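# Structural description and commentary
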Amino acid sequence: MVDVVLDPRRVTGRVDPMVFGSFVENLHRCVYGGLFDPDSPVADDEGFRTDVIATARAMKVSNVRFPGGCFAAYYHWKDGIGPREQRPRTRYRADDTWPASNAVGTDEFVAWCRKVGAEPYLCVNMGTGTAEAARDWVEYCNGRAGSRWADARIAGGHAEPYGVRYWALGNEISGPWEQGYTATAEEYIQRARDFAMAMKAADPTISLVVSGAHFPIDFPQPHWNRDVLAALYEYADYVSMHHYIGHDYKDDIRTRYPSMSTREVHDFLTEHMRLLEDAIGLLREDIKLVNHSRGVAVNRIGIALDEYNAWYKTDGSQGDDLVETYPLSDALLIGAYFNIFLRNADVLRLANMAQLVNTLPAMVVESGGSGAFRQGISYVQELFAASAGLQAIDVWCDSPARPGSYYPNVAHLDVSASYDSAAREIQLFAVNRDPDQAYPLNLVSPAGALRVRETAVIGGDSLDAANSFAEPSAIRIDRGPVSEERPPVVPPAAVLRVTLTLE
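Let me begin by describing the structure that accompanies this report.

Scanning the entire structure with this criterion turns up 27 aromatic pairs. Measuring from centroid to centroid gives 5.3 Å for Phe 338 and Phe 384, while their planes differ by 20°, and the two rings are stacked. Of this pair, Phe 338 sits in helix α9 (residues 328–343) while Phe 384 sits in helix α10 (residues 376–384), and the two are 46 residues apart along the sequence. What makes Phe 384 buried here is its relative accessible area of 0%.

Next up, the structure:
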């Protein structure tokens with residue numbers, strides 16, 4: 001029996017619904033042949049796949065980032081407006097195998113977001129683009145009648161402003177692989193200030209995400225985030241970071257993954273998920289220092305983890321189109337991501353799982369056909385989305401642990417919790433990273449007696465279990481039995497949600 005203590009009086013922050021975001025990029029078959037697939041028999045009258053929309057709704061996707069990603073540095077939004085038949089076909093690189101259609105531009109993307117019930121989140125081109133073009137895009141989306149680009153939107157049949165709130169000032173600008181790369185924070189600050197001033201002039205109500213250090217741990221410039229936040233404090237609402245477990249820095253296993261067993265991969269990546277929480281801690285302190293330098297005691301600036309996922313099996317070079325297969329072991333990693341989000345709810349306020357469909361996908365579809373299946377990672381987001389808007393609360397777990405290779409020990413149970421004070425209801429999430437043993441939970445609270453109302457679980461199977469066209473439900477959400485006599489049990493290799501009433 002593992003003791004778990006939940007205290008709803010110890011609130012760590014509000015779980016921002018925006019952490020349940022997604023990401024679509026004009027990369028391989030994500031947009032074209034993914035969310036937009038007019039040749040598919042399951043497409044609606046606007047060419048959007050209804051099964052992709054249904055999956056995004058089931059995942060409670062709250063915001064969607066577009067058009068990239070690295071593609072944003074090549075994307076010119078004006079190519080994607082006006083009558084479709086008059087839009088240019090563009091190939092941004094000579095050897096580009098990405099689709100070159102502009103059939104899904106700003107109007108279509110916003111319309112698709114409305115179908116999903118998600119906020120559009122646009123990343124401006126700081127590679128081949130200009131501050132003026134970014135300003136014009138804001139005006140096109142949010143401007144009132146009487147200005148050039150607002151009138152262009154209205155002439156296209158969209159009289160009301162779109163009210164796009166979230167805008168990113170470039171993508172991964174701190175990385176040398178990125179078009180528009182700036183080698184120093186000072187270079188980025190100069191360019192970003194021009195973009196921010198122009199965009200805020202078009203709409204002062206928008207929220208801007210400044211480009212932070214790609215990943216603060218192992219980043220060559222240790223003060224990038226602090227310098228950027230200090231210089232752009234008047235404009236920054238969020239600072240971004242990206243994390244692909246298995247792909248970057250100390251956790252990179254891309255070259256040795258084929259020689260590792262499933263268990264070795266699982267144990268290594270499970271342990272190294274802690275690097276993300278350490279990185280968030282570093283960025284949290286940078287934000288705190290900059291806030292204090294301005295005489296502000298609260299975290300006004302939030303962290304935007306606007307790209308994250310497991311990514312270590314594919315690179316696109318073998319014709320795999322980045323259709324990464326996500327078995328149960330990867331679903332457990334996504335559970336760890338969401339536990340980290342809840343534990344850091346006071347500062348981590350925006351997140352985007354990369355990506356929604358076909359490319360590093362939460363869902364895989366047969367382009368031009370009707371075949372489709374959801375991957376296990378999508379069900380994990382659906383499970384955790386019950387916490388959207390609730391209070392994240394302190395939870396202590398006396399978990400058994402195993403020795404680590406980098407950290408001294410790795411807890412088998414990874415937990416978080418949220419609280420609905422009006423309903424006096426607690427959502428407890430427990431990820432059992434031990435594939436060999438189940439753990440019964442002894443749930444207690446100093447605030448009162450707890451009664452289990454419902455349990456829901458993902459997993460409890462082989463780490464290799466994965467969904468596919470042939471077997472679309474190998475990983476799914478199962479509702480568990482509730483018994484007053486027996487405590488809830490986390491099966492081996494599983495994500496458990498327990499809904500509790502505080503009496």
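The next thing to look at is the sheet that holds strand β18 (residues 450–459). Read from one edge to the other, the open sheet built from 9 strands follows the order β19-β18-β21-β16-β15-β12-β1-β17-β20, with strand pairing classed as mixed. Unpaired on one side and paired on the other, β19 (478–480) and β20 (489–490) mark the two borders of the sheet. Where α9 meets the sheet, its contacts fall on β1 (2–14), β12 (391–397), β15 (413–420), β16 (425–432), β18 and β21 (494–502), and the angle it forms with β15 comes to roughly 50°.

Tracing the sequence through the fold places Asp 79 in the loop between β3 (63–66) and α2 (106–116). For the buried Asp 79, which has no salt bridge, the nearest side chain bearing the opposite charge is Arg 87, at an N-O separation of 9.3 Å.

Another aspect to go through is the pairing of strand β5 (residues 166–169). With burial as the criterion, each face of β5 is covered, one bearing Tyr 166 and Ala 168 and the other bearing Trp 167 and Leu 169. As paired strands, strand β4 (residues 119–123) and β5 are joined by 3 bridges and run parallel to one another. Bridge pairing in β5 places Leu 122 opposite Trp 167. Across 4 bridges, the pairing between β5 and strand β6 (residues 207–210) is parallel.

On to the sheet that holds β6, then. An order of β2-β3-β4-β5-β6-β7-β8-β9 is seen for the 8 strands of this closed barrel, with the pairing classed as parallel. When strand polarity is set aside, the average angle formed by the axes of neighbouring strands in this sheet is 30°. In this sheet, strand β8 (residues 302–310) lies alongside strand β7 (residues 236–245) in parallel orientation, the contact comprising 7 bridges. Residue pairing in the sheet places Tyr 244 in a bridge with Asn 309 of β8. Lying over the sheet, helix α3 (residues 131–142) contacts β4 and β5, oriented at roughly 175° with respect to β5.

Along the chain, Gly 376 turns up in helix α10. Here Gly 376 falls in the buried class, since its relative accessible area comes to 0%. Distance in space between the C-alpha atoms of Gly 376 and Ala 465 is 9.2 Å, their sequence separation being 89 residues.

With respect to the secondary-structure elements, Val 19 resides in the loop between β1 and β2 (21–23). Taking C-alpha positions, Val 19 is 8.3 Å from Ala 388, a pair spaced 369 residues apart along the chain. Residues in contact with Val 19, not counting those within four places in the same chain, are Ser 62, Phe 338, Phe 341, Leu 348, Arg 349, Leu 350 and Ala 351.

So, on to the pattern of salt bridges. Scanning all chains against the criterion turns up 32 salt bridges. Connected via shared salt-bridge partners are Lys 78, Arg 135, Asp 136 and Glu 139.

Turning next to the nonpolar core. If you look at the biggest cluster of nonpolar residues, it comprises 137 residues, and the most contacted ones within it are Trp 112, Trp 167, Leu 169, Tyr 188 and Met 199. Among the elements that make up this core, the one with the highest residue count is α9 (11 residues). Sequence-distant contacts of Trp 167, that is, excluding residues within four places in its chain, are made with Tyr 121, Leu 122, Val 124, Trp 137, Val 138, Cys 141, Asn 142, Met 199, Ile 206, Ser 207, Leu 208 and Val 209. In this structure, Leu 6, Val 395, Leu 428 and Leu 450 belong to the second largest nonpolar core, which totals 24 residues.

The next point concerns the packing of α3 against helix α5 (residues 185–202). Running from amino to carboxyl end, α3 crosses α5 at an angle of 25°, the nearest separation of the two axes being 8 Å. As judged from the angle between their axes, α3 and α5 are roughly parallel. In this structure, α3 meets α5 at a crossing whose hand is right-handed. Only Asp 194, Phe 195, Ala 198, Met 199 and Ala 202 of α5 make contact with α3, whose side of the interface consists of Ala 131, Ala 134, Arg 135, Val 138 and Glu 139. Partitioned by chemical class, the residues of the contact of α3 with α5 number 7 nonpolar, no polar and 3 charged.

Let us look at α5. Between the first and last C-alpha of α5 there are 25 Å, a value that for 18 residues agrees with the 26 Å anticipated at 1.5 Å per step. Within the span of α5, buried status applies to Ala 185, Tyr 188, Ile 189, Ala 192, Phe 195, Ala 196, Ala 198, Met 199 and Lys 200. On its buried face, α5 is in contact with α3, β5, β6, α6 (224–231) and β7.

Looking now at the packing of α6 against helix α8 (residues 274–293). The geometry of α6 relative to α8 is characterised by a closest axis approach of 9 Å and an angle of 35° between their N-to-C directions. Where α6 crosses over α8, the handedness of that crossing is right-handed. Contact residues: α6 offers Asn 225, Arg 226, Leu 229 and Ala 230, while α8 offers Leu 283, Asp 286, Ile 287, Leu 289 and Val 290. Across the contact of α6 with α8, the residue classes break down as 6 nonpolar, 1 polar and 2 charged.

What follows covers empty space enclosed by the protein. On inspection of all chains with the given rule, the structure shows 3 cavities of 30 Å³ or more. Taken as a whole, the largest cavity holds about 50 Å³ of empty space. Lining the largest cavity are Asn 26, Val 31, Tyr 32, Phe 66, Phe 71, Tyr 75, Tyr 92, Ser 101, Asn 102 and Val 104.

Let's shift gears to the pairing of β21. By the criterion of burial, β21 is predominantly enclosed, with 9 of the 9 residues buried. Both faces of β21 are covered, namely the face carrying Ala 494, Leu 496, Val 498, Leu 500 and Leu 502 and the face carrying Val 495, Arg 497, Thr 499 and Thr 501. In terms of strand pairing, β18 meets β21 through 9 bridges, oriented antiparallel. Considered in β21, the bridge of Leu 450 is made with Leu 502.

The rules behind the values
- Residues numbered from 1 in each chain as written.
- Predicted model: local features only at pLDDT ≥ 70, side-chain atom pairs only at ≥ 80, totals over all residues.
- Heavy atoms only, no water.
- Phe/Tyr/Trp six-rings, centres within 6.5 Å; stacked < 30°, edge-to-face > 60°.
- Helix = DSSP H or I, 4+ residues; strand = E, 2+ residues; numbered from the N terminus.
- Buried < 20%, exposed > 50% of the residue type's maximum accessible area, 1.4 Å probe, protein only.
- Pairing = 2+ DSSP bridges.
- Contact = heavy atoms within 4.5 Å.
- Axes fitted to C-alpha atoms, helices over the stretch in contact; angles between N-to-C directions.
- Lys, Arg positive; Asp, Glu negative; His and termini not counted.
- Salt bridge = Lys/Arg side-chain N within 4 Å of Asp/Glu carboxyl O.
- Core = buried A, V, L, I, M, F, W, Y, C linked by side-chain atoms within 4.5 Å.
- Parallel < 35°, antiparallel > 145°, perpendicular 65-115°, else oblique.
- Left-handed = near helix turned anticlockwise from the far one by under 90°.
- Nonpolar A, V, L, I, M, F, W, Y, C, P; charged D, E, K, R; others polar.
- Expected span 1.5 Å × (residues − 1).
- 1 Å grid on protein atoms, 1.4 Å probe; cavity = no way out; pocket = protein on both sides within 12 Å on 5 of 7 lines; lining within 4 Å.
- Points joined across faces, edges and corners; volume = space filled by probe spheres on them.

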